[in-house]
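# Coordinates in review
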Amino acid sequence: MKILTKEIDTPGLTGIEVYEKTLDGYQSLKKAFEKKPEEIVEMVKASGLRGRGGAGFPTGLKWSFLAKDVFPRYLACNADESEPGTCKDRELMEKNPHLLIEGMILCSYACRINTAYCYLRGEFRHIQRVFDKAIEEAYAKGYLGKNILGSGFDLEMYSHLGAGAYICGEESALLSSLEGCRGEPRLKPPFPAVEGLYSKPTIVNNVETLCVVPFIVNEGAEAYAAIGTEKSKGTKLISVSGHVNKPGNYEVPMGTPTSVIINEHAGGIRNGNKLKAFIPGGSSVPMLPADKVDVPYDYESIAEAGSMLGSGALIVMDDTTNVVAETLRLAYFYMHESCGKCTPCREGTRWMYQLLSQIEQGNGKPDQVELLDDICDNMSFKCFCPLGDAAVGPVASSIKYFREDYEELIADAKAGV
Ligand SMILES: Cc1cc2nc3c(=O)[nH]c(=O)nc-3n(C[C@H](O)[C@H](O)[C@H](O)COP(=O)(O)O)c2cc1C
Ligand code: SF4
C-alpha cells in the first residue's frame, strides 16, 4: 500500500502536467472547496494522522489549536531534515514537489491561512530550485494566488533556505530563523499555534505529514484510518541506512515488523553478517539491541521496546560495529550542533564527546563509564529544548546495552594494548 511514494519514479513527475495526469494531481482542491475549512480539520482528526517530524503529535488536533479569530496566520512547512539518517522528505520534494504543494494548500485552506512558507535546510538549494519551479507552475494553473479555482480563497506560497543548522528543524528555532534572527529555540508555551511567526498563530508541519493530506481529502478519513495499527495510522516512509544491502526510503504500513523492513525491503545485513544493534527513529532516539528487531514499527510498540519512532530513520549496525565508535560519531554531531543557549547541553555534549574520544582511542579509565552515565542523568530533562535529550539518547542506550564494548576498550587501555 503506497500513498506517499505511489508512482514516485514516473519520469517528469516534477512537472505539473505529469503530476495531474499520473496522480490526479490537485483534484483534492475541488473536493476541499466544497467543504467548510472546519470540516477538513475534522477529516484530518478522524484520519488519525500524526505528525511525521518526530514527536508524532495528532495533526488535526494541532490545526484545531490555532488561536481563534487571530489573523494573519501562517503555515511553515518544516523541510529542514538535518537529522543523521533521515532523508525521506528530500526524496518527496525532489521527485514529487506538487504533492507537497497540494498538501500545503489543503492545510492552509483548512486553517484559514493566506501565506505559506516552506523552510528548507541550507544544503537543499537544488531542491529549492525544483520546488520553486513547481510553485510557479501551480500559480500559472490557478492553484495558488488570488481566488483559487474561483473559491474565494487566496494563498501566497514561498520557499526559504536556512543556513544549515540542525537546531533550525526545531519548530520555534525554525520560526526565529524564518524571521531572519539567529536560529535558537524559544520558550514554550506559547506554542506556535498560538504565537508563532511574527507572533501570529502558525502551523508548523513536517513535509511527509503535509504530503498525506491530499489522500485523506480524496479518499476519506476512514480509508486512511484503515491502514496501520489502532493508534498509529497510515503508512510511514522509513529511511533505512547503515549496514544493509539496499539502503533507501521504504514506505510501509505502520506496524510492519522492523525485521521485515531490514530483511525484506532493505535486502538484509551486508556481507551476510549478523545484526548487532539498530536505532529505530533517527540519531536522536535510543538504540536497541538485535533481540528487539521484531518490534512492530509503530509509535506505541517502539516506545514499549524502550525507544522512539522519531523521524522514522532506521540506522542498522552489524556485528562488526564497535558501538563506542558509533556513539562517538553521534556525540560529535550533537556537540557540533548544540546551539549553546543552555549550559547542560552546551557543556554536557562537549564533555560526553571528550570522554567518548578518550575511551575510543584507547586512553579510557574504569570510572569513565559511570561518569558518562552521570552526565546523561544530569542532562536528561534539564535542557532548554529537546536537542539536549536527543544527545543523551544514543550515549545512555549504548551504555545500557553494550557496556561490555566500553569495558573491553578500557581493559585494553589499562593493559597497554
Ligand atoms: C533538534 C530538533 C530538530 C528537529 N528537526 C526537524 C526536522 O528537520 N523536520 C521536522 O519536520 N521536524 C523536526 N523537528 C520537530 C519539530 O520541532 C516539529 O515537532 C515538527 O516539525 C512538527 O511537525 P509535525 O507535527 O508534522 O511532525 C525537530 C525537533 C528538534 C527538537
Ligand atoms: S538544549 Fe542545546 S540546542 Fe537546545 S537550547 Fe539548549 S544548548 Fe541550544
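All of the points below concern the structure found in this document. All values reported here derive from a predicted model rather than from experimental measurement.

## Quick look at the site of ligand 1
Close contacts around ligand 1 come from 18 residues, with G53, K62, E81, N206 and T209 the closest. K62 is positioned such that a nitrogen or oxygen atom in its side chain is 2.8 Å from an oxygen atom of ligand 1. Within the contact set of ligand 1, an oxygen atom lies 2.9 Å away from a side-chain nitrogen or oxygen of N78. Contributions of two or more residues to the shell around ligand 1 are made by β4 (202-206) and α16 (386-415). Considering only residue class, the shell around ligand 1 consists of 4 nonpolar, 8 polar and 6 charged.

## What about the pattern of salt bridges?
A side chain of one charge can pair with a side chain of the opposite charge when the charged atoms of the two come close. Within this structure, the stated rule accounts for 24 salt bridges. Between K141 and E20 there is a salt bridge, with its nearest N and O atoms 3.0 Å apart. In this pair, K141 is assigned in the loop between α7 (125-140) and β3 (156-161) and E20 in helix α1 (residues 16-23), connecting sequence segments 121 residues apart. Looking at K141, the relative accessible area reads 33%, which means it is partly exposed. Of the residues examined, E20 reaches a relative accessible area of 18% and is grouped as buried. Residue E91 pairs with K95 through a salt bridge whose shortest N-O separation is 2.9 Å. Here the residue E91 and the residue K95 both occupy positions in helix α5 (residues 88-95), the gap between them amounting to 4 residues, near one helical turn. K95 gets classed as partly exposed once you look at its relative accessible area, which sits at 29%. Here the salt bridges share partners, and the residues they tie into one network are R52, K88, D89, E208 and K236.

## Focus: the site of ligand 2
If you check the shell around ligand 2, you find 13 residues, and the closest are C339, K341, C342, C345 and C385. Looking at the shell around ligand 2 residue by residue, the classes come out as 9 nonpolar, 3 polar and 1 charged.

## Comments concerning a nonpolar patch on the surface
Taken together, the side chains of F57, L61 and F65 make up a nonpolar region of the molecular surface, amounting to roughly 260 Å² of accessible area. Checked against the element boundaries, F57 lands in the loop between α3 (37-47) and α4 (59-64). Judged by relative accessible area, F57 falls into the partly exposed class, the value being 37%.

## Remarks on helix α6 (residues 97-110)
Here α6 spans 20 Å end to end across 14 residues, near enough to the 20 Å set by a 1.5 Å rise per residue. With 14 of its 14 residues buried, α6 lies for the most part within the structure. Taken from the residues just after α6, R112 is the one with a positive phi, measuring 55 degrees.

Conventions we followed
Residues numbered from 1 in each chain as written. Chains lettered and ligands numbered in written order. Predicted model: local features only at pLDDT ≥ 70, side-chain atom pairs only at ≥ 80, totals over all residues. Heavy atoms only, no water. Near = heavy atom within 4 Å. Polar contact = N/O pair within 3.5 Å; in protein donor to acceptor, adjacent residues only side chain to side chain. Helix = DSSP H or I, 4+ residues; strand = E, 2+ residues; numbered from the N terminus. Nonpolar A, V, L, I, M, F, W, Y, C, P; charged D, E, K, R; others polar. Salt bridge = Lys/Arg side-chain N within 4 Å of Asp/Glu carboxyl O. Buried < 20%, exposed > 50% of the residue type's maximum accessible area, 1.4 Å probe, protein only. Patch = residues over 30% accessible without salt bridge, like charges linked within 9 Å, V, L, I, M, F, W, Y side chains within 5 Å. Areas by Shrake-Rupley, 256 points an atom, 1.4 Å probe, with all protein chains shown as cover. Expected span 1.5 Å × (residues − 1).

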